[in-house]
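Chain residues, written in single-letter form:
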Amino acid sequence: MKYYSTNRQAPEATLEEAVVKGLAADKGLFMPRTIKPLPQDFYDRIDTLSFQEIAYQVADAFFGEDVPADTLKQIVYDTLSFDVPLVKVTENIYSLELFHGPTLAFKDVGGRFMARLLGYFIKKEGKKQVNVLVATSGDTGSAVANGFLGVEGIHVYVLYPKGKVSEIQEKQFTTLGQNITALEVDGTFDDCQALVKSAFMDKELNEHLQLTSANSINVARFLPQAFYYFYAYAQLKKLGISSPVICVPSGNFGNITAGLFGKHMGLPVSRFIAANNRNDIFYQYLQTGVYSPRPSVATIANAMDVGDPSNFARVLDLYGGSHAAISAEISGATYTNEQIAETMQQVWKEEHYLLDPHGACGFRALAEGLRPGEVGIFLETAHPAKFKDTVEKIIGEPVSIPEKLQAFMRGEKQSLPMTKDFADFKNYLMTV
Ligand SMILES: *Cc1c(COP(=O)(O)O)cnc(C)c1O
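Since this is a predicted model, take the numbers as computed values, not measurements.

**Student:** What's the story with the overall build of the protein in this structure? I'm lost.
**Tutor:** Along the backbone of the protein there are 20 helices and 13 strands. Computed over C-alpha atoms, the radius of gyration of the protein comes to 20 Å, within 12% of the 22 Å expected from 2.2 N^0.38 for 432 residues, which places it in the range of a compact globule. Along the three orthogonal principal directions, the C-alpha set of the protein runs to about 60 × 50 × 45 Å. Within the protein, residue pairs in contact and separated by at least 24 positions form 74% of the contacts whose partners lie at least 6 positions apart. Carbon together with sulfur atoms contributes 49% to the accessible area of the protein, which is approximately 16,100 Å² in total.

What follows is the structure in structure tokens.
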């Protein structure tokens, strides 16, 4: 499969080049040249298949031309070492619980897949060390760091905004050691993202180090996220329900874009809803047709505090830049901290289901946006215990921490302070 750049000014790349480079030379995002529809027979019997079996079919459509079948199967099966159950919350709303992986957030799927695929390419080519740069507002850093921990030939640098991620999130990527280095940036998530982007564009740095990105701009991270949309559909089909509305709490829009790819492969989803917090750039785009990025503001759903969603370029590309086509398939919603908290309280009280602040945006968008007769699935993108302090304050009850998280809390934080000045970051990387 060849990958073109959304800016169309760079030559097409192979999968390996797209994964190793992350971003195209013209600063565009890589897109697969074709999106292969899956056969009707697959959809007919999807409810008889396991998560891994479904995911392998999807992976084969994306990566089958470039990775030997047994290797790809191994990567898929290793990646999905945990379940993604669909849980009924109300009569017509289901939660797709994406938090049963090692770091308790959906990013485990993409992070684990990418680590294994990149590891395969490095081994195959006998490449020199590859350095993964990843900016995180919380969950990406932990998923990527844990996914790559101990993978030979790869060093990971996690850039995160000082004081803006929860202690639990921070511990998940600052306590690992080995091939993982955490850089604590005196700035915002957008500053971290800008540092990573500048690093990729810096000629001298790229001559010195082989750099790649593990943000959702990387095709090896974002495409595998399509797996669980198919599995969600399979679980719903088992209940005799089809064509759900799928609602995705969105920040950089990698997760929802993977779902849109699923729909282009024939997955029967009636429509999508992108739920935003106050960083509602996409919502405003839907209303006005104008995309105006702006600095992010901090909210209690901090993994969605993104002022210029990087995968917007992919959404545009997928629909030929047509605002009408995008609006026909995706609607939006935007919520304040107060609304998010109110939703968490209400759902806890009435349904005894504990939402995290991100999932709460997704739930509320369905509760408000479903039409009569529709069934909705929202992606519960992280475990509520990852935001313990916030969640406890809101529901007024203690939240127990799963053992997986407690283990991280016992580790000792190790991070390097960094300014938001690119010159400092570059200087550091030139001398490591
Ligand atoms: C990353 C993240 C999001 C946003 O996902 P995108 O792919 O960036 O849109 C939402 N919720 C949680 C918990 C996250 O970690």
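**Student:** Explanation requested: the pairing of strand 7 (residues 180-185) in the structure shown.
**Tutor:** The two faces of a sheet get side chains in turn, since along a regular strand they alternate between them. Of all six residues that make up strand 7, six are buried, and the element is covered over most of its length. In strand 7, alternate side chains face the same way, and those of Ile180, Ala182 and Glu184 on one face and Thr181, Leu183 and Val185 on the other are all buried. Across six bridges, the pairing between strand 6 (residues 154-161) and strand 7 is parallel. Along strand 7, the bridge assignment pairs Leu159 with Leu183. Once the chain exits strand 6 it traverses helix 7 (residues 167-174) before rejoining the sheet at strand 7, and the crossover so formed is right-handed. Direction of pairing for strand 7 relative to strand 13 (residues 416-418): parallel, over a ladder of three bridges. For Val185, the partnering residue across the bridge sits in strand 13 and is Met418.

**Student:** Please clarify how the site of the ligand should be interpreted in this entry.
**Tutor:** Neighbouring the ligand are 15 residues, the closest being Lys107, Asp139, Gly251, Asn252 and Thr381. In the model, an oxygen atom of the ligand is placed 3.2 Å from a nitrogen or oxygen of the Gly254 main chain. For the ligand, whose unbound accessible area comes to 390 Å², protein coverage reaches 97%. Taken atom by atom, the bulk of the ligand overlaps the largest cavity.

**Student:** Would you take a moment to explain the packing of helix 5 (residues 107-125) against helix 6 (residues 139-148) for this structure?
**Tutor:** Working note: a packed helix pair is described by the angle between its axes plus the distance between those axes. Put simply, helix 5 and helix 6 touch, their axes get as near as 8 Å, and they point 35° apart. When the axes of helix 5 and helix 6 are compared, the crossing they make is right-handed. Taken together, the residues of helix 6 that come into contact with helix 5 (itself represented by Lys107, Asp108, Gly111, Arg112, Met114, Ala115, Arg116 and Leu118) are Asp139, Thr140, Ala143, Gly147 and Phe148. Residue classes in the contact of helix 5 with helix 6 are distributed as five nonpolar, three polar and five charged.

**Student:** Whenever I open this one, empty space enclosed by the protein confuses me. Can you help?
**Tutor:** Empty space among the atoms becomes visible once a probe the size of a water molecule is rolled across them. Summed over the entire model, instances satisfying the criterion amount to two cavities of 30 Å³ or more. Roughly 270 Å³ of internal volume is contained in the largest cavity. Looking at the largest cavity, it is lined by 23 residues, and the ones nearest its centre are Phe106, Lys107, Gly251, Asn252 and Ala303. Secondary structure elements with two or more residues in the lining of the largest cavity: helix 6 and helix 12 (254-264). Taken together, the residues that form the lining of the largest cavity break down as eight nonpolar, 12 polar and three charged. Here the second largest cavity defines a volume of roughly 40 Å³. Contributing to the lining of the second largest cavity are Gln193, Val196, Lys197, Asn215, Ile217 and Ser310. Class assignment of the residues belonging to the lining of the second largest cavity gives a composition of two nonpolar, three polar and one charged.

About the thresholds
- Residues numbered from 1 in each chain as written.
- Predicted model: local features only at pLDDT ≥ 70, side-chain atom pairs only at ≥ 80, totals over all residues.
- Heavy atoms only, no water.
- Helix = DSSP H or I, 4+ residues; strand = E, 2+ residues; numbered from the N terminus.
- Rg over C-alpha atoms; globule rule 2.2 N^0.38 Å.
- Contact = heavy atoms within 4.5 Å.
- Areas by Shrake-Rupley, 256 points an atom, 1.4 Å probe, with all protein chains shown as cover.
- Buried < 20%, exposed > 50% of the residue type's maximum accessible area, 1.4 Å probe, protein only.
- Pairing = 2+ DSSP bridges.
- Right-handed = clockwise from strand over helix to strand, strands pointing away.
- Near = heavy atom within 4 Å.
- Polar contact = N/O pair within 3.5 Å; in protein donor to acceptor, adjacent residues only side chain to side chain.
- 1 Å grid on protein atoms, 1.4 Å probe; cavity = no way out; pocket = protein on both sides within 12 Å on 5 of 7 lines; lining within 4 Å.
- Sits in = over half its atoms within 2 Å of the grid points.
- Axes fitted to C-alpha atoms, helices over the stretch in contact; angles between N-to-C directions.
- Left-handed = near helix turned anticlockwise from the far one by under 90°.
- Nonpolar A, V, L, I, M, F, W, Y, C, P; charged D, E, K, R; others polar.
- Points joined across faces, edges and corners; volume = space filled by probe spheres on them.

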